Amino acid sequence: MSFSLAIVGRPNVGKSTLFNRLVGRRLALVDDQPGVTRDLREGEAKLGDLRFTVIDTAGLEEATDASLQGRMRKLTERAVDMADVCLFMIDGRAGVLPADEVFADILRKRAKHVILAVNKAEGKAGESGFLEAYGLGIGEPLRLSAEHGEGMPDLYDVLKPLA
Ligand code: GDP
Ligand code: MG
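Treat the numbers as computed from the prediction; the structure is a model and nothing was measured.

1. Section: the pairing of strand β4 (residues 85-91)
Burial of β4 is extensive: 6 of the 7 residues sit out of reach of the surface. Two elements, strand β1 (residues 4-8) and β4, share 4 bridges in a ladder whose sense is parallel. Its bridge partner being in β4, A6 is matched across the sheet by C86. As paired elements, β4 and strand β5 (residues 114-119) share 6 bridges and run parallel to each other. Following the sheet pairing, M89 is matched in β5 by A117. Taking the sense of rotation as the criterion, the β-α-β connection linking β4, helix α3 (residues 98-110) and β5 turns out right-handed.

2. Thoughts on the pairing of β1
Burial analysis of β1 places 4 of its 5 residues in the buried class, the great majority of the element. Both β1 and strand β3 (residues 50-57) contribute to a ladder of 4 bridges, which runs parallel. By the bridge assignment, S4 is partnered in β3 with T53.

3. Focus: the sheet that holds β1
What links the strands of a sheet is backbone hydrogen bonding, and the strands pair in either a parallel or an antiparallel sense. On the basis of which strands lie adjacent, the open sheet formed by 6 strands has the order β2-β3-β1-β4-β5-β6 and mixed pairing. Strands at the two margins of the open sheet, each flanked by one partner only, are β2 (40-47) and β6 (142-143). Of the strand pairs in this sheet, β2 and β3 are connected by 8 bridges, and their pairing is antiparallel. Among the inter-strand pairings, K46 is bridged to a residue of β3, identified as R51. Contacts between α3 and the sheet are confined to β1, β4 and β5, with β4 contributing the most and set at about 165° to the helix.

Reading the values: the criteria
- Residues numbered from 1 in each chain as written.
- Chains lettered and ligands numbered in written order.
- Predicted model: local features only at pLDDT ≥ 70, side-chain atom pairs only at ≥ 80, totals over all residues.
- Buried ≥ 20, exposed ≤ 12 C-beta atoms within 10 Å, placed from the backbone.
- Helix = DSSP H or I, 4+ residues; strand = E, 2+ residues; numbered from the N terminus.
- Pairing = 2+ DSSP bridges.
- Right-handed = clockwise from strand over helix to strand, strands pointing away.
- Contact = placed C-beta atoms within 7 Å.
- Axes fitted to C-alpha atoms, helices over the stretch in contact; angles between N-to-C directions.

Have a look at this one:
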């Protein structure tokens, strides 16, 4: 376990899909750990020869619109503070939405190291979202398809130096 990576972003962008792909069945039992609620899932990730801890910000799915912003902010801040690196995920098909800007603000202020990932970018999908992502001011985005496993070698390349 060389470093920890938190996957953050608004609901439905594909965070848990990536978490599941990285963790496979190696899901850590987090219920007994103090300070870790079910809103944050932790697992042992495997990507090529890399082994690291991955944190999924789950628990936002049932939030109502009214409560979502506050909960997203709190949960994201907790994950950001726990992790060495944050993978900020947006949906390349939906493009950059106002909620994504909220995350970008939190990350710019708080995160030690951020990787910007544009998900749902299988094939040529998500190209417009990819170009929009530059406007978030987080740096150069990475194209991913968590569902289809595309872009994983690029993710490996940015994580390798951190190991
Ligand atoms: P989360 O709320 O951010 O954890 O998002 P989920 O991982 O639950 O995924 C939300 C939806 O997006 C699900 O229906 C996934 O199957 C779908 N999804 C996730 N990754 C991809 C992807 O790379 N491509 C496409 N087309 N759909 C995806
Ligand atoms: Mg999820």
